[in-house]
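What follows is each chain in one-letter form.
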Amino acid sequence: VCMLSFFFSESICGSYLQSVSLTSVNTCNMPKDNVCDFVCHCVDCSDENMCGFHKSSIVTQTPFTCDFELDDCGWIDMSSTSYKWVRNMGCISEGTGPAMDHTLGTNLGWYLTAESHTKASLTTAVLKSPVLRHAAATCQIRVWYHIFTGTDGGNFAAKLINGNRTIDVWQRPWSSSQHWRTFVIYTGRITGEFEVILISTHSSSERGDIAIDDLEFKHCGLPAPQSKCKSGQFACGRRSCVEQDQICDGTDDCGDRSEEVQCDSYNKCDFELGLCDWEQETGSDEINWELTNKYSIPTSTPFTGPTRDHTLNNDMDFLYINSSRPTVKNDRAKLLSPHLEATKNDSCYLVLYYYLYGTHTGSLNVYYRTSVPGDLVRVGGKYGEMGDYWFKDQIEFKVDMNFQIVIEGVIGEEEKGNIALDDLILSPGCKLFNGKNTNQKSLENSLPVGTEPTLPPNPCGERQFQCDDKCISENLVCNFKSDCKDGSDEKSCGNTNFEDGEGGWRDNSVGRFKWRVEQANITNMPNTDHGTNTSQDTGHYLYLEGVQGQVMTEAKSQTQIMGPSGLACSLEMYYYFYSDSWPAGYIVVSVINTELQTHKFPWHVQGNQGKSWKHVIIPIGERPRNFQVQLVGIVDTLASGHQAIAIDDIKFINCDPEYMPLNTAELSCNFDNGMCGWYQDQNDDFEWIRDNGHRPDVLNHGPGYDHTTGTGHYLFFDASSQLVSGYRAQLITYLQPQHFGDLCLSFWYYMYGPQIGTLNVKIKLEGKNETLLWTRKGTQGNVWHLGFCTLPHQNKMFQLIFEALYDGFNGHIGLDDINLMSGVCKAQKYCSFEANSCNYISSGKYTWVWQNSATGATTNGPFFDHTTEADRGYYMIADTSKSVLPKGLTATMVSEMHEPLFNEECLQFWYHMGGNSPGTLNVYLEEKNEKKEKLFSTSMKEGTSWRYGSINIRVDESWRVIFEALGAGGVLSHIAVDDLVFRSGSCSKPGFCDFELGTCGWSNTLIPKLDSYDWDWNSGATPSKYTGPDTDHTLGTKEDIYIYMEKRERDRYTQNLNSQCFYLRYFHCFHDKYNVFFDVAALYKDQEELNVIVYSKEDYLKIWQVRGHQSKYWMSGNITVESPLEFQIVFEVKKGIIVDSGGIALDDIEYVAGMSC
């Protein structure tokens, strides 16, 4: 007979009710034509649910978005083979596919995936949206996608089906990247019904996975009818309003084309009947523009021209430059306008639609000239890839002489780049010479005859840069060191005060905003630049301005290709951001990996920053691959009031890879005066935050206090932040010199939260991979802990790394007081064996080995370790099969020598014994290598479970622990141990735990499909707004410990706390103290449950339950268990759907055998 008792506590708390389902559809019975048209017609917007999107994301509240957290949003798998699209979750341990979704950035979030295809033949997975209706010309569908594959085989594509037309709108070859990436589908104006098709084609014989998440349909609804248009706007036939620059611009902005009707005074060319009044330049061009359509150019592979024209968004004609061989880099094609009169006071502008798409796209330039031939004056243009769509540009001409417009397309480096033109429109203010069309042959009658501009011959070869005295490789340009004597190779690389132009920054904007160099003016904001602090002619800055584009997207300006860079590389700049309205917009600095086309965002700022220039230093870090830095900015066009964004005085500092700061060896650091010799690794996914608990720009301060003084600085990582995405944050050093003696690295760490993730310490030898030295996973309580590990002598230079893994999503990891000193560290008090054997030594003929179940040589061991409950988790094992360890012989494993103890300690460990006659596990304590005492012994065949063991240690001399496996002649048998912990104080008796020194023999399950590891330790009130018990039950103080669970936004709905296995008895009694706390307003809507369940080999039985708010005080529970079999007790919490709504606390669990309650 045995008995369990416990104490529990419940408290009142509250928050909002979070909807479990968004699947209510068209509750107001709108006609079919008003369903899924990107406009909310029902009061609850249910006519826009299950449309491939819901009315809003349940997580981010972004409108018209599908995050797959609740369902598939109406997407339908149309695949005809076993290679199908399915809704799935991330799994960090599997190593393929996304380890986490994009929405939450956790393995608890959902996405759609077509995964695990291993067929050699070509196989396709097809995904179709529900029927959508009436897309506006501005419609953008942003899709986040993730590809993992052993080889770059396969293709991912998007299509639109509109009536009997199928339009290819996006495609890319498969390329593996351990990051979520994004692409945008620009639908163009679509009348009537259409569908979106996503197709994954995979031909590789290796495993490959593709996933999508967070599909956002932006600016897709037609403009809403208005009671009255603003001054200067055009009133559409359907009572909506558009801006003046959208009249007669060749795009249906109103939705009924009413603004495109009275346009006879405009000179338009849509190329459906030829070149109109435009002509090819002859003689000086290497290539020509081609009049073509989608059927005349190959479209079976990416980057081979537009798949539709702009005029009607269909299969009609446009102008195109064929970049396929024999064209070479910088070949040019020029298109000439009719001859135009001097503009005088007239408003003359050109509207054009351009297509620049492909990884090696060249450039499009717009010039004018006033003589034939003659110098070209550049007035606009675009460079590089812009996206798989037609984008609008409007260029104004103010020329006091007769002139001609020249549009030039320039070929890029390779065939993967295309340039096209459509819909050239000259405004009424662009008057033809003598009121008639004038072609090139008659220009000499209206323009003075000039000379053909010539460039000096280039003495350098292809892909070379010309210095003043020599030619260098293009790879040496913008590499942060001057390879030319005059430094010309580094002059247009982003270091600039904008007084002499853009300084190497190129505007790549495609929408209604762009970056432009602006001269400071007393009437502008800002009215002075930063560098000269003057509004006179010398003051310039980079300014975010509104332009006459079409799509609503950010302004982007980026550098040339740069790098590589060193670890200390940073970008210094000044920014100005003023807004007297909200929302105001944002500025982002992005670093683009030019090879993988992935983006990192090391800095951003949002909202009003006041009427002054602000200084920022942004870490760029070590980047072995070439990269570009991009400035991204946008303001809210609908906001009233004044808004202004500007950038000035940009400088890249300490970026030369050979640069070595003075503090590279300063590794001992308390972070009070900076980062010492530690640097953020900018190739990881997110950053450590330096804080003192009071930083105004940090919402959550982690520990809130440092270890050194309680008021200084520390580093921390907030696993609860929705802004974090990716998998790891690394803190790294420069290469350190080799050392010939041992070193001890000590540090203080803080890991608190119900699902906190992992902290690792690693070493990386020069030219080698990282090696794990130390690791911790999961909550360690609301205190700082000492960690340490020995660095063995190294004959190579090395780097040290602190790494936080984002495999937990509630809580904080902190780091402080790093110290590196000579000598060996003292013996470890905790060992999970995940990093190494913790210096447990096994020698002789029969040994213990360090292994995991996935790759270990001993194949008859446990299926998984105890720490991670995964087949890749490590443990120590002795194979006790008679063929390996004969009967009566032993294999021993010995710990390091420990220092003498002044107080008693408890050694807790988990062991596993399996197979036929596994033998005996003995644990000895040895003093001073002499006296040996047996403290633990078991020889029972233990089955498939890990078992809990503990021994008390009291010794006045130096000592060590010996684990001994005694063979019994078994077959395929073993003994394994894991998770050794030395704790102060005496061991608890089996089943008892007051949680003052840990969880005793109780553990959280780590199976991610079952729960999310949410029990935590605490003293005093819990962190939530509506706290749990103020004191523990054991001692009734705020300083002592209990365990608790709280409902958080990222949690699952079930959490388990499992006991150790109890041996065969018929009657058992359990006592505990419990406290259940949550919002009393949710008592009847959202009752949380605390269940006690008995698991045995043959049964699963719920034997006790409490639901709903009980009391704010600790309460007692008593349960009698009747079981003739070995069993486990599980405390199971089932949580409702209220976010941040309290939870359940437990304390003083007691197990008594041999009696009923």
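Small disclaimer: the values here were computed from a predicted structure and weren't measured.

(A) Summary view of the pairing of strand β26 (residues 404-410). Of all seven residues in β26, seven are buried; the element is thus mostly enclosed. Sheet topology places strand β21 (residues 332-336) next to β26; five bridges connect them, and they run antiparallel. Bridging from a neighbouring strand, Leu335 pairs with Ile407 of β26.

(B) Quick look at the packing of aromatic side chains. Scanning the model with the defined rule gives 48 aromatic pairs in all. With a centroid separation of 6.1 Å and an interplanar angle of 45°, the aromatic rings of Phe909 and Tyr911 are classed as tilted. We note that Phe909, like Tyr911, is buried. The aromatic ring of Tyr578 is capped on one face by Lys611, whose charged end is 5.0 Å from the ring centroid. Over the ring of Tyr924 we find Lys932; its NZ or CZ atom is 4.7 Å from the centre of that ring.

(C) Spatial organisation of the confidence of the model for the protein chain. Taken residue by residue, the protein chain gives an average pLDDT of 83. The fraction at 70 or more is 83%. Across the protein chain, strand β53 (residues 890-894) holds the top mean pLDDT of 97, while strand β1 (residues 2-10) sits lowest at 48. This stretch, residues 10-22, has a pLDDT under 50; its non-local contacts, to residues over four places away or in other chains, come to 58 contacts. Below a pLDDT of 50 lies the segment residues 438-443, which in the model reaches 14 contacts outside its immediate sequence neighbourhood of four places, other chains included.

(D) Quick peek at the state of the cysteines. Under the defined criterion, the tally for this structure stands at 18 disulfides. Shown here is the disulfide that connects Cys36 with Cys51, its sulfur atoms set 2.0 Å apart. With the S-S dihedral at roughly -75°, the linkage between Cys36 and Cys51 falls on the left-handed side. Pair noted here: Cys36 is in the loop between β1 and β2 (54-56) and Cys51 is in the loop between β1 and β2, with a separation of 15 residues, a long-range link. Take Cys36 and Cys51: they sit in the same class, and that class is buried. The disulfide partner of Cys460 is Cys471, and the S-S distance across this bridge is 2.0 Å. One disulfide, between Cys460 and Cys471, carries an S-S torsion of -85° and so falls in the left-handed class. Within this pair, whereas Cys460 is found in the loop between β27 (418-426) and β28 (464-466), its partner Cys471 is found in strand β29 (residues 471-473), the two being separated by eleven residues in sequence. Note on Cys471: relative accessible area 31%, which makes it partly exposed.

(E) Structural view of unusual backbone geometry. Backbone torsion omega between Val372 and Pro373 reads -15°, so that peptide bond is classified as cis. That bond from Gly563 to Pro564 is cis: its omega, 0°, falls within 30 degrees of zero. Within the secondary structure, Pro564 is located in the loop between β33 (555-558) and β34 (570-579). You will see that Cys45, though not glycine, has its phi angle at about 60°, which is positive. Mapped onto the secondary structure, Cys45 falls in the loop between β1 and β2.

Here is what the cut-offs are and how they apply
- Residues numbered from 1 in each chain as written.
- Predicted model: local features only at pLDDT ≥ 70, side-chain atom pairs only at ≥ 80, totals over all residues.
- Heavy atoms only, no water.
- Buried < 20%, exposed > 50% of the residue type's maximum accessible area, 1.4 Å probe, protein only.
- Helix = DSSP H or I, 4+ residues; strand = E, 2+ residues; numbered from the N terminus.
- Pairing = 2+ DSSP bridges.
- Phe/Tyr/Trp six-rings, centres within 6.5 Å; stacked < 30°, edge-to-face > 60°.
- Lys NZ or Arg CZ within 6 Å of the ring centre and 35° of its normal.
- pLDDT = per-residue confidence, 0-100.
- Contact = heavy atoms within 4.5 Å.
- Disulfide = S-S within 2.5 Å.

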